[in-house]
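# Notes for the structure review
If you want the building blocks of each chain, they are given just below.
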Amino acid sequence: MVYDPQEYVEAVLALVEDIPPGRVMSYGGIADALHDRFERGSARRVGTIMAQWGGGVPWHRVVSGGGRLPPGHEARAKALLEAEGVVFRGPRVRMSEYSWHPGDIGAGGG
């Protein structure tokens, strides 16, 4: 397969669109979910895509693997996630409870 960088950008943004309210995905989780299709990609590349083009998708649902909120946007992301029902203990999302992967059944907490 020939890697098309623009197609990868579109796939990342489409996957972020699919994350249900009240759930999150990590940058690495997005890269892993798209790996079979594109045979490449990384959490860093997903982060760059989100920084450059993520404003039109639910960007606040993309966090680090440890549940850290998007750098520089922590307060806004936390408010948006809390409005969707995410409960915080400290500054991080509890990934074990709120992480979502394509194919998960239902949008409720884990």
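The structure we're discussing is the one just above.
This structure is a prediction, so every number in the text was calculated from the model and none was measured.

We now examine the overall build of the chain. In terms of regular secondary structure, the chain is built from five helices and two strands. What you see in the chain, going N to C, is helices and strands ordered as α-β-α-α-β-α-α. Computed over C-alpha atoms, the radius of gyration of the chain comes to 13 Å, within 12% of the 13 Å expected from 2.2 N^0.38 for 110 residues, which places it in the range of a compact globule. Once the C-alpha set of the chain is aligned to its principal axes, its extents read approximately 45 × 30 × 20 Å. Sequence separation of 24 or more characterises 65% of the internal contacts of the chain that already satisfy a separation of 6 or more. Only carbon and sulfur atoms are counted for the fraction: they give 51% of the accessible area of the chain, which is about 6,000 Å². Charge-centre separation for the chain: the mean point of 12 positive side chains lies 9 Å from the mean point of 13 negative side chains.

In this structure, the largest pocket spans a volume of roughly 200 Å³. Taken together, Tyr27, Gly47, Met50, Ala51, Gly54, Gly55, Trp59, Val62, Pro70, Pro71 and His73 make up the full set of residues lining the largest pocket. Tallied by class, the residues present in the lining of the largest pocket amount to seven nonpolar, four polar and no charged.

It is worth spelling out helix H1 (residues 5-18) at this point. Every α-helix winds through 3.6 residues per turn, so residues three or four apart in the chain are directed the same way. End to end, H1 covers 20 Å across 14 residues, agreeing with the expected 20 Å (1.5 Å per residue, within 8%). Of the residues making up H1, those classed as buried are Tyr8, Val9, Ala11, Val12, Leu13, Leu15 and Val16. Among the structural elements, strand E1 (25-26), helix H2 (27-38), helix H3 (43-53) and strand E2 (62-63) are those in contact with the buried residues of H1. At the N-terminal end of H1, a side-chain oxygen is found 3.0 Å from the backbone nitrogen of glutamine 6, two or three residues along, and the residue is aspartate 4.

A word on H2. Over its 12 residues, H2 runs 16 Å from end to end, which matches the ideal 16 Å to within 8%, given 1.5 Å per residue. What H2 keeps buried is the set Tyr27, Gly29, Ile30, Ala31, Leu34 and Phe38. Taken together, the buried residues of H2 touch H1, E1, H3 and E2. Just past H2, the residue glutamate 39 takes up positive phi, approximately 60°.

Scoring rules and cut-offs
- Residues numbered from 1 in each chain as written.
- Predicted model: local features only at pLDDT ≥ 70, side-chain atom pairs only at ≥ 80, totals over all residues.
- Heavy atoms only, no water.
- Helix = DSSP H or I, 4+ residues; strand = E, 2+ residues; numbered from the N terminus.
- Rg over C-alpha atoms; globule rule 2.2 N^0.38 Å.
- Contact = heavy atoms within 4.5 Å.
- Areas by Shrake-Rupley, 256 points an atom, 1.4 Å probe, with all protein chains shown as cover.
- Lys, Arg positive; Asp, Glu negative; His and termini not counted.
- Charge placed at Lys NZ, Arg CZ, Asp CG, Glu CD.
- 1 Å grid on protein atoms, 1.4 Å probe; cavity = no way out; pocket = protein on both sides within 12 Å on 5 of 7 lines; lining within 4 Å.
- Points joined across faces, edges and corners; volume = space filled by probe spheres on them.
- Nonpolar A, V, L, I, M, F, W, Y, C, P; charged D, E, K, R; others polar.
- Expected span 1.5 Å × (residues − 1).
- Buried < 20%, exposed > 50% of the residue type's maximum accessible area, 1.4 Å probe, protein only.
- Polar contact = N/O pair within 3.5 Å; in protein donor to acceptor, adjacent residues only side chain to side chain.

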